[in-house]
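# Summary of the model geometry
So you can see what is in the structure, the chains are spelled out below.
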Amino acid sequence: MVAITATVRRRVTEDVVSVSLPSYNFPHSIRDSSKVKRGQQIELTGEITRIDEEAGKVTLAMGPLVTVVIDKVRLVEKYRPPKRKKPLRDMVVD
């Protein structure tokens, strides 16, 4: 899980806010019911789906996929694979 700091651009509707993401040149809207104001910084979190080391960019899943410069994201939570309830193979019964 990673986080990126976004700047509020404007309120589109009562529960939707338009935000500006650093190094992402497209408008992005999020659902938000709090009382954020224009110019306020908010933190958005998402999962990394792809890393392009040559270009120095990462793609995040935050609803739609968003590609930003790797320097603009920060690690929030270390990846931990899900724990298995059953073994991968069947138990051998004599």
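It should be noted that the structure appears before, not after, this text.
All values derive from a computational prediction rather than experimental measurement.

Unusually for a residue other than glycine, serine 23 sits at a positive phi of about 65°. Along the chain, serine 23 falls in the loop between strand 2 (16-20) and strand 3 (28-31). For serine 23, a relative accessible area of 32% gives the class partly exposed.

Let us look at the pattern of salt bridges. This structure, assessed with the given rule, holds three salt bridges. Between glutamate 43 and arginine 74 there is a salt bridge, with the nearest N and O atoms lying 2.2 Å from each other. One end of the pair, glutamate 43, is in strand 4 (residues 41-52); the other, arginine 74, is in strand 7 (residues 73-75), and 31 residues separate them in sequence. The exposure class of glutamate 43 is partly exposed, given its relative accessible area of 44%.

One finds Val19, Leu21, Ile42, Leu44 and Val68 to be the most contacted residues of the largest nonpolar core, which totals 18 residues. Among the secondary structure elements, those contributing two or more residues to this core are strand 1 (2-13), strand 2, strand 4, strand 5 (57-61) and strand 6 (65-69). Element by element, the count of residues in this core is highest for strand 1, at four residues. When near neighbours in sequence (up to four residues on either side) are disregarded, isoleucine 42 contacts Ile4, Thr5, Ala6, Val8, Val19, Ile30 and Val36.

Tallying each qualifying case throughout the model produces one aromatic pair. Plain terms: the ring middles of tyrosine 24 and phenylalanine 26 are 5.5 Å apart, the flat faces sit at 65° to each other, and that makes the pair edge-to-face. Take phenylalanine 26: its relative accessible area is 56%, and that puts it in the exposed class.

Scoring rules and cut-offs
- Residues numbered from 1 in each chain as written.
- Predicted model: local features only at pLDDT ≥ 70, side-chain atom pairs only at ≥ 80, totals over all residues.
- Heavy atoms only, no water.
- Helix = DSSP H or I, 4+ residues; strand = E, 2+ residues; numbered from the N terminus.
- Buried < 20%, exposed > 50% of the residue type's maximum accessible area, 1.4 Å probe, protein only.
- Salt bridge = Lys/Arg side-chain N within 4 Å of Asp/Glu carboxyl O.
- Core = buried A, V, L, I, M, F, W, Y, C linked by side-chain atoms within 4.5 Å.
- Contact = heavy atoms within 4.5 Å.
- Phe/Tyr/Trp six-rings, centres within 6.5 Å; stacked < 30°, edge-to-face > 60°.

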